[in-house]
Amino acid sequence: MTDGETEARGIADIRFSGGRYDKIGFPLDGIDDLHKYQRLVIEAAKKIWYDKHPKAHRLPSNFNETVRLRLTVVEKGSVVPVLEREPDVQQRIKDIPDLLDLSIAYVDDAFATIVSKVELPDDMPESMTSIVKLFGGYWQENERAVFRSSSAEPVTYTFARRKELLAALAAENQEVRGTLIGKIRMLDSTKEFIFLDGKERPINGHFSEGSIFDELHEVHKLSESADLIWLECKFIANALSGEVSKIEDVYDAGQFALSSNPWAPRLAELAAYPKGWLDGEGDRVDIVPISAALAVLDLITERGYGTPSIFADVEGGVRMEWLTDVSHTVLSVDNDSLFTTYHLNLETGEEDYVEKIKVYRDALKAVSRYIHG
Amino acid sequence: MVDYGEETPSVSAEQGVEEATVETQAAEVIGESAFEFYKTAEGEEVLEDEDELVWRQCAPGHFDTSTGKPTLDLFRPNEADSGMMSGSRKSKTTAERAYKHRVEVDQKLSKGTWAVSVAEVDKVDARVVDDSANLKPPPAPPPGHVFIDVRHLKDLDKRERLRFRSTLLIFANKRGRQFPAP
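In this text, all values refer to a predicted model and were calculated from it rather than measured experimentally.

Basis of the calculations
Residues numbered from 1 in each chain as written. Chains lettered and ligands numbered in written order. Predicted model: local features only at pLDDT ≥ 70, side-chain atom pairs only at ≥ 80, totals over all residues. Heavy atoms only, no water. Pairing = 2+ DSSP bridges. Helix = DSSP H or I, 4+ residues; strand = E, 2+ residues; numbered from the N terminus. Contact = heavy atoms within 4.5 Å. Axes fitted to C-alpha atoms, helices over the stretch in contact; angles between N-to-C directions. Buried area = accessible area lost by both parts, 1.4 Å probe. Salt bridge = Lys/Arg side-chain N within 4 Å of Asp/Glu carboxyl O. Polar contact = N/O pair within 3.5 Å; in protein donor to acceptor, adjacent residues only side chain to side chain. Nonpolar A, V, L, I, M, F, W, Y, C, P; charged D, E, K, R; others polar. pLDDT = per-residue confidence, 0-100. Buried < 20%, exposed > 50% of the residue type's maximum accessible area, 1.4 Å probe, protein only. Patch = residues over 30% accessible without salt bridge, like charges linked within 9 Å, V, L, I, M, F, W, Y side chains within 5 Å. Areas by Shrake-Rupley, 256 points an atom, 1.4 Å probe, with all protein chains shown as cover. Lys, Arg positive; Asp, Glu negative; His and termini not counted. Charge placed at Lys NZ, Arg CZ, Asp CG, Glu CD. Expected span 1.5 Å × (residues − 1). Core = buried A, V, L, I, M, F, W, Y, C linked by side-chain atoms within 4.5 Å.

**Description of the sheet that holds strand S9 (residues 127–130) of chain B**
Residue and element names in this part refer to chain B.
For step 1, the next point in the chain: Pairing is antiparallel in the open sheet, where six strands are placed in the order S3-S9-S10-S7-S4-S8. Whereas interior strands pair on both sides, the edge strands pair on one side only; in this sheet they are strand S3 (45–46) and strand S8 (113–117).
For step 2, the next point in the chain: Of the pairings in the sheet, the one linking strand S4 (residues 53–57) to strand S7 (residues 84–89) comprises two bridges and is antiparallel in character. Looking across to S7, one finds that Val-54 is bridged to Arg-89.
For step 3, the next point in the chain: In the packing of helix H3 (residues 158–175) onto the sheet, contacts are made with S4, S7 and S8, and the angle to S8 comes to roughly 110°.

Written out as structure tokens, the structure reads:
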């Protein structure tokens, strides 16, 4: 046991269980996780300190020593490592005397987020992310770490959860070749630009070919007059949310629609779908069917044919659907700009199907009597 | 073009059941072709109660938020389905629990639970099969898991596929989203 000054569970409330940890003693492989845990606490402390001192360029001297932990004992009967402050460290960070407690709480909260949402906290620094990925790397399938283990709300991080987290992180940033619809807000001769997506979020962009500058310059002028433009480009997107974080290169660009066009936001959304958008299935939707759909939709607005739902289909086309309690009317356009129409009315038994229509006006005409008014 | 299933009649290996074989039954007609249901595996139960509802989860890509409507692909079997579209049955779970299982246990996104009845599935020459007895964790199987069996419809042409999906979609839309409340 520890000396009389030691609390039963020490300052950090973490334990391991399952598999090798259910036997008496602490498996030596587990020491590695304790080391990683300490590194997480130190990196959390740095984050907390820099958050409080945003203008600081470096940490106070001996900073790490003030938040370092020491394993003093492993309690018998269960594997509870008792972690305490370094015994001979008297120095504390002056304006954050409880920095070690705050840092441990941050790590606990981070794992609570990981366990409940299978994602890292938004504010977690990169230095911690890399350690989190490695934490538990030697676990067997039935082993786990329990944070806040003696509290009323312990957080259990299991082998399975770790596997899910790693899969989610691996899928997070995906390179996509696709179409983005939005506006250009800034363009300079260093081949950098800022793109505003359909939700007016700024995205930093770059292009490698000098000839693209002229095209972008042209559409930039359109953007300034509130027109939406399309970019055929390579971008980085979060595989789960689809949110684009960066445009890495541009291959082509052109005018799309006025930003006041009511159909543009939905079509922009479909254009940004990555390949595999439907549980691994689903081709990307390129600008050909998107533009063809826009032409139909503008005509629908002009003729007052109501509001269809708009979807991507798994083959990379766009589908417009009018759905009622008794009927369903579909107008779809594929990658070759060929239209298909379908109508079914369960009440009357009426069914109508036409495929390979080349002209969008003809396609709309084929379904107009079903969707009029 | 999207197929309803594989060329060779089979069931998912994950379900741990024996390979299915074609069973000759009294055939109804869809389009021009007679069809035969596949033989059910041991432990599977073909639902007979016409009023029983089948819960179906709607993926985000199958929902247009601006109109609040799902697409006909809500009833499109994906490649992993092999002609067996997953759902769960009302008599064994609620629309809310089915939704929460999808989101919290399967960790997949859903825009809500829609429903069609066994009778409505029968109208498109398909059937509902309860295979919950054959599903073993991990992962934890959804309570009351069933599948809409369309393995025998893999040769439908494009128009017939549209008819199948549109019909079920109209029924589901008429009933409205079951959870969360619209």
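After that view of the structure, there is still more to cover.
**Focus: the interface of chain B and chain A**
For step 1, the next point in the chain: If you look at the interface, chain B gives 30 residues, while chain A gives 32 residues.
For step 2, the next point in the chain: Approximately 2600 Å² of surface area, both sides summed, lies buried where chain B meets chain A, with 54% of it carried by carbon and sulfur atoms.
For step 3, the next point in the chain: By the criterion of area lost to chain A, the three top residues of chain B are Asp-64, Arg-159 and Ile-170 of chain B, representing 22% of everything that side buries.
For step 4, the next point in the chain: Connecting chain B to chain A are five salt bridges.
For step 5, the next point in the chain: A salt bridge links Arg-159 of chain B to Glu-351 of chain A, with the shortest nitrogen-to-oxygen separation between them at 3.5 Å.
For step 6, the next point in the chain: The tally of links between chain B and chain A comes to 13 residue pairs in polar contact (both at pLDDT 80 or more).
For step 7, the next point in the chain: For the side of chain B that touches chain A, the secondary structure elements donating two or more residues are strand S5 (63–64), strand S6 (69–70) and H3 of chain B.
For step 8, the next point in the chain: Here the residues of the side of chain B that touches chain A are counted per class, giving ten nonpolar, nine polar and eleven charged.

**Description of the pattern of salt bridges**
Any two side chains of opposite charge can pair, given that their charged atoms come close.
Residue and element names in this part refer to chain B.
For step 1, the next point in the chain: This structure, assessed with the given rule, holds 27 salt bridges over all chains.
For step 2, the next point in the chain: Across the salt bridge formed by Glu-45 and Arg-89, the nearest N and O atoms sit 3.4 Å from each other. Here Glu-45, found in strand S3, pairs with Arg-89, found in strand S7; they are 44 residues apart in sequence, far enough to count as distant.
For step 3, the next point in the chain: Arg-175 is the salt-bridge partner of Glu-120, the closest N and O atoms lying 2.9 Å from each other. One end of the pair, Glu-120, is in helix H2 (residues 118–123); the other, Arg-175, is in helix H3, and 55 residues separate them in sequence.

**Here we look at the environment of Val-132 of chain A**
For step 1, the next point in the chain: Within the secondary structure, Val-132 of chain A sits in helix H4 (residues 126–134).
For step 2, the next point in the chain: Put simply, Val-132 of chain A and Ala-110 of chain A are 22 residues apart on the chain and 9.6 Å apart in space, counted from C-alpha to C-alpha.

**Topic: the pairing of strand S7 (residues 192–196) of chain A**
All names here are of chain A.
For step 1, the next point in the chain: Of the pairings in the sheet, the one linking strand S6 (residues 173–187) to S7 comprises four bridges and is antiparallel in character. If you follow Leu-187 over to S7, its bridge partner there is Phe-193.
For step 2, the next point in the chain: Joining the antiparallel neighbours S6 and S7 is a turn of four residues, in which Lys-191 adopts a positive phi near 70°.
For step 3, the next point in the chain: Linking two consecutive strands that pair antiparallel, namely S7 and strand S8 (residues 202–206), is a turn of five residues; a positive phi of about 65° is found at Glu-200 within it.

**As for the confidence of the model for chain A**
For step 1, the next point in the chain: Confidence along chain A averages 85 in pLDDT terms, with 90% of residues attaining 70 or more.
For step 2, the next point in the chain: Note that pLDDT drops below 50 for residues 1–9 of chain A; the model gives that stretch 15 contacts with residues more than four away or on any other chain.

**Comments concerning the sheet that holds strand S15 (residues 351–357) of chain A**
All names here are of chain A.
For step 1, the next point in the chain: With antiparallel pairing, the five strands of this open sheet are ordered in space as S11-S12-S13-S14-S15. At either end of the open sheet lies a strand with only one pairing partner, and these are strand S11 (309–312) and S15. Direction aside, neighbouring strands of the sheet carry axes that sit 15° apart on average.
For step 2, the next point in the chain: The pairing of S11 with strand S12 (residues 318–323) spans four bridges and is antiparallel. What sits directly across from Ala-312, in S12, is Val-318.
For step 3, the next point in the chain: Packed onto the sheet, helix H9 (residues 360–371) meets S12, strand S13 (327–333), strand S14 (339–345) and S15 and runs at close to 175° relative to S13.

**Here's the deal with the pairing of strand S9 (residues 227–238) of chain A**
Residues and elements named next belong to chain A.
For step 1, the next point in the chain: Of all the twelve residues making up S9, eleven are buried; the element is thus mostly covered by neighbouring parts of the structure.
For step 2, the next point in the chain: In this structure, S6 lies alongside S9, joined through ten bridges in antiparallel fashion. Along S9, the bridge assignment pairs Thr-179 with Glu-232.
For step 3, the next point in the chain: Pairing of S9 with strand S10 (residues 244–258) involves eleven bridges; the strand directions are antiparallel. Within the sheet, the bridge partner assigned to Ala-237 lies in S10 and is Val-244.

**What about the side chain of His-343 of chain A?**
For step 1, the next point in the chain: Position of His-343 of chain A relative to the elements: it lies in strand S14.
For step 2, the next point in the chain: Other than its neighbours up to four places away in sequence, His-343 of chain A contacts Ser-327, His-328, Thr-329, Glu-350, Glu-351, Asp-352 and Tyr-370 of chain A.

**Here we look at a negative patch on the surface**
Residues and elements named next belong to chain B.
For step 1, the next point in the chain: On the surface, a cluster of negative charge is made up of Glu-48, Asp-49, Glu-50, Asp-51 and Asp-122.
For step 2, the next point in the chain: Take Asp-49: it is sitting in the loop between S3 and S4.
For step 3, the next point in the chain: What makes Asp-49 partly exposed here is its relative accessible area of 47%.

**So, the confidence of the model for chain B**
Fine structural detail should not be taken from predicted coordinates in areas where pLDDT scores are low.
For step 1, the next point in the chain: Overall, the prediction assigns chain B a mean pLDDT of 82, with 80% of residues at 70 or greater.
For step 2, the next point in the chain: Model confidence for the complex: the whole-complex pTM is 0.65, and ipTM, which rates the interface, is 0.83.

**Here we look at H3 of chain B**
All names here are of chain B.
For step 1, the next point in the chain: Given a rise of 1.5 Å per residue, 18 residues ought to cover 26 Å, and the 26 Å separating the end C-alpha atoms of H3 matches this to within 8%.
For step 2, the next point in the chain: Among the 18 residues in H3, 13 count as buried, and that is most of the element.
For step 3, the next point in the chain: Positive backbone phi, at 85°, marks Gly-176, one or two positions downstream of H3.

**Concerning the nonpolar core**
All names here are of chain A.
For step 1, the next point in the chain: In terms of nonpolar packing, the biggest core is built from 44 residues, with Phe-16, Tyr-37, Val-107, Phe-111, Phe-135, Phe-147 and Tyr-157 touching the most fellow members.
For step 2, the next point in the chain: At the level of elements, strand S1 (14–17), helix H1 (28–52), helix H3 (99–117), H4, strand S4 (144–147), strand S5 (155–158) and helix H5 (159–172) are the ones that each hand at least two residues to this core.
For step 3, the next point in the chain: Not counting chain neighbours up to four residues away, the residues in contact with Phe-147 comprise Asp-13, Ile-14, Tyr-37, Val-107, Asp-108, Phe-111, Phe-135, Pro-154, Val-155 and Tyr-157.
For step 4, the next point in the chain: Membership of the second largest hydrophobic core comes to 41 residues, among which are Trp-230, Ala-271, Trp-322 and Val-367.

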